Number of protein chains: 4
Amino acid sequence: MRTQEMLRVHPGKTLLDKEIVESSIQELIEAQQACTVCADSCLSEEEVKMLTRCIQLNLDCADVINTTVRLLSRPATPSLELVKQQLMASITALEACATECQKHSKMEHCKICMEICRSTKESTQRMLSSIKK
Amino acid sequence: MRTQEMLRVHPGKTLLDKEIVESSIQELIEAQQACTVCADSCLSEEEVKMLTRCIQLNLDCADVINTTVRLLSRPATPSLELVKQQLMASITALEACATECQKHSKMEHCKICMEICRSTKESTQRMLSSIKK
Amino acid sequence: MRTQEMLRVHPGKTLLDKEIVESSIQELIEAQQACTVCADSCLSEEEVKMLTRCIQLNLDCADVINTTVRLLSRPATPSLELVKQQLMASITALEACATECQKHSKMEHCKICMEICRSTKESTQRMLSSIKK
Amino acid sequence: MRTQEMLRVHPGKTLLDKEIVESSIQELIEAQQACTVCADSCLSEEEVKMLTRCIQLNLDCADVINTTVRLLSRPATPSLELVKQQLMASITALEACATECQKHSKMEHCKICMEICRSTKESTQRMLSSIKK
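Residues numbered from 1 in each chain as written. Chains lettered and ligands numbered in written order. Predicted model: local features only at pLDDT ≥ 70, side-chain atom pairs only at ≥ 80, totals over all residues.

Draft legend 1. Main features of the overall build of chain A. Helix and strand counts for chain A come out as five helices and zero strands. Written out in order from the N terminus, the α and β elements of chain A read α-α-α-α-α. Taking 14 Å as the expected radius of gyration for a compact globule of 133 residues, we find that chain A reaches 16 Å, a close match to that expectation. In chain A, which comprises 133 residues, the proportion classed as buried is 59%. A separation of at least 24 residues holds for 71% of the contacts in chain A among residues at least 6 apart in sequence. (Helix = DSSP H or I, 4+ residues; strand = E, 2+ residues; numbered from the N terminus. Rg over C-alpha atoms; globule rule 2.2 N^0.38 Å. Buried ≥ 20, exposed ≤ 12 C-beta atoms within 10 Å, placed from the backbone. Contact = placed C-beta atoms within 7 Å.)

See the structure below:
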């Protein structure tokens, strides 16, 4: 993505590691998209009744991550405490989503969404650790 | 707001206290609006250069709260842990915004935004306590 | 709402009528909340299968209006053309939502959401007309 | 992106061309990120005073596109009229942003943002044309 280039030419100082921010943003965007499409896919399933919790968690997760991406995309942001808490909320959202999607992994959209949420959770934990140091 | 009526007729069970959720949503929406208008007001000030940190925190706070309102507006949501963490992120965002706006409280928009963020922070803490119980 | 006060003290010039903007924002926020709660209410209904189109339109409408509120909350914004188009998208979204909710108006949440969407559509049309003049 | 895979396995019928939707979403996400980072970059510039209009348009454009991506990510969405209007608003936002960024293209972030907005505007027009047919 060319937007990685944009983070590199950002004129401001930042306490965040730009490379880790870049890859974290990419993964979070992918998870946000996965959750949004998974919710819509669940709504198209015949057995939507048993997928309502999955839809709710998908929607919550997509919203939480949407905000996290925006915070990370403002690398000159001065409140590291806020970034950390938003990353923690994202990790919880991704775990909740992955756990629920796993129950429905016979459906391809839930299976892929679970895999993306799980790998994004790991990269988000790395992002969080890089700030704590 | 008639949307309070909607929360009352929501057919789902919820572990959240609907009355506290209602008032919390109202306050959070007010703070979100205050932060968005404050950021735009700061951009219109002659001395915008000294307000850039205020603008950044306003934008972050508005985004974080936007997501929090959405989570609370889905009272059938099953992840209390996620709601709690998003509320904690909101409290941090509101405090950061209030503290920064206080430095510029000669400007009316920063003064009002500070007051709204501070009172919303308190009601958000009450919302959080009501879940922890 | 105290946020109306904030629009009044906004230091920038604006081509928009602040009073109309204020009331338009209030109505749009109410509709956005109605749609978000209605979607979650539909997911809690036994007969969710026949409500999937309603849920999808609720989600789309809430997202479209969320953005419209943000644009109107930046009254110093220089692109009137953009504001007009976003208002037109909102009117279409509100009408689509109201029409679908009407089909399910035996359910209280759909009935209230329909009423709010319909009255907000009218106020949004007034907002749009005030710019066109 | 693996999210393209998700669109492919979406179980619902759609009137949209999935391949065009996929590439359109990718470009729109890139533009949204460019605008968000460009706004934050502008805030870090010494001469922020002359960049306030650019910041405002960046913020508006990022919000409009954020919603457009969500609508396109629900391909089972039933209101083509709404999708079309949101695409038109996006094209206007992208053009406004590109035009303003061009004035400041000595700054790398504005130059890259201008290029991304311009190419995304073209792909969004193709997306719009594919629906009109």
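That shown, we press on.
Draft legend 2. Summary view of the packing of helix α3 (residues 52-72) of chain B against helix α4 (residues 80-103) of chain B. Residue and element names in this part refer to chain B. Interhelical geometry of α3 versus α4 gives an angle of 155° and a closest axis separation of 9 Å. In terms of their interaxial angle, α3 and α4 are classed as roughly antiparallel. The two elements α3 and α4 meet at a crossing, and its hand is left-handed. Between α3 and α4, the residues in contact are Arg53, Cys54, Leu57, Asn58, Asp60, Cys61, Val64, Ile65, Thr67, Thr68 and Leu71 and Leu82, Val83, Gln86, Leu87, Ala89, Ser90, Ala93, Leu94, Ala96, Cys97, Glu100 and Cys101, respectively. Taken together, the residues of the contact of α3 with α4 sort by class into 15 nonpolar, five polar and three charged. (Axes fitted to C-alpha atoms, helices over the stretch in contact; angles between N-to-C directions. Parallel < 35°, antiparallel > 145°, perpendicular 65-115°, else oblique. Left-handed = near helix turned anticlockwise from the far one by under 90°. Nonpolar A, V, L, I, M, F, W, Y, C, P; charged D, E, K, R; others polar.)

Draft legend 3. The arrangement of the confidence of the model for chain A in detail. Averaged over all residues, the pLDDT of chain A is 94; the fraction at 70 or higher stands at 99%. Under the prediction, the complex receives an ipTM of 0.96, its pTM being 0.97. (pLDDT = per-residue confidence, 0-100.)

Draft legend 4. Fine view of the relation of the copies chain D and chain A. In screw terms, the move from chain D to chain A is a rotation of 180° and a rise of 0.0 Å along the axis, fitting with an RMSD of 0.0 Å. These values place the two chain copies in the arrangement generated by a two-fold rotation axis. Looking at chain D, 100% of its interface residues are interface residues in chain A too, so the copies touch through the same face. (Least-squares fit on C-alpha atoms with pLDDT ≥ 70 in both.)

Draft legend 5. Spotlight on the relation of the copies chain A and chain C. Superposition record for chain A on chain C: RMSD 0.0 Å, screw rotation 180°, translation along axis 0.0 Å. By residue overlap, the copies meet face to face through one surface: 100% of the interface positions of chain A are interface positions in chain C.

Draft legend 6. Representation of the environment of Met1(A) in the model. Within the secondary structure, Met1(A) is located in the segment before α1 (3-9). When the 17 C-beta atoms within 10 Å are taken as the criterion, Met1(A) is described as partly exposed. Between the C-alpha atoms of Met1(A) and Gln26(A), which are 25 residues apart in sequence, the distance is 8.5 Å. When residues no more than four places from it in sequence are discounted, the contact partners of Met1(A) are Gln26(A) and Glu30(D).

Draft legend 7. Spatial organisation of the interface of chain D and chain A. Contact with chain D, which involves 32 residues of that partner, is made by 32 residues of chain A. It is helix α2 (residues 18-44) of chain D that contributes the most residues to the side of chain D that touches chain A, eleven residues altogether. Among the residues making up the side of chain D that touches chain A, the classes are represented as 15 nonpolar, nine polar and eight charged.

Draft legend 8. Region of interest: the environment of Glu81(C). Counting through the fold element by element, Glu81(C) comes out in helix α4 (residues 80-102). Taking the C-alpha atoms as reference, Glu81(C) lies 9.7 Å from Lys132(C); in sequence the two are 51 residues apart.

Draft legend 9. Structural view of the interface of chain A and chain C. Contact residues are listed per partner, giving seven residues for chain A and seven residues for chain C. Within the residue set of the side of chain A that touches chain C, elements represented by two or more residues are α2 (18-44) and α3 (52-72) of chain A. If you tally residues by element for the side of chain A that touches chain C, the top one is α3(A), at three residues. Grouping the amino acids of the side of chain A that touches chain C by side-chain chemistry returns three nonpolar, two polar and two charged.

Draft legend 10. Inspection of the nonpolar core at higher detail. In this structure, Cys113(A), Cys113(B), Cys113(C) and Cys113(D) are the most contacted members of the largest nonpolar core, which totals 176 residues. Beyond its immediate stretch of four places on either side in the chain, Cys113(D) contacts Met6(A), Ala34(D), Cys35(D), Cys38(D), Cys97(D) and Cys101(D). (Core = buried A, V, L, I, M, F, W, Y, C linked by C-beta atoms within 7 Å.)

Draft legend 11. Seen up close, the packing of α4(C) against helix α5 (residues 108-132) of chain C. All names here are of chain C. Put simply, α4 and α5 touch, their axes get as near as 8 Å, and they point 155° apart. Relative to α5, the element α4 is oriented roughly antiparallel. Along this stretch, α4 crosses α5, giving a crossing that reads as left-handed. Classifying every residue of the contact of α4 with α5 gives 16 nonpolar, five polar and four charged.

Draft legend 12. How the structure looks around the environment of Ala98(C). Residues and elements named next belong to chain C. Of note, Ala98 is situated in helix α4. The class of Ala98 is buried, set by 22 C-beta atoms lying within 10 Å. In the structure, Ala98 is positioned 32 residues away from Ser130 in sequence and 23 Å away in space, judged by C-alpha atoms. Discounting chain neighbours no more than four positions away, the residues touching Ala98 are Met114, Cys117, Arg118 and Lys121.

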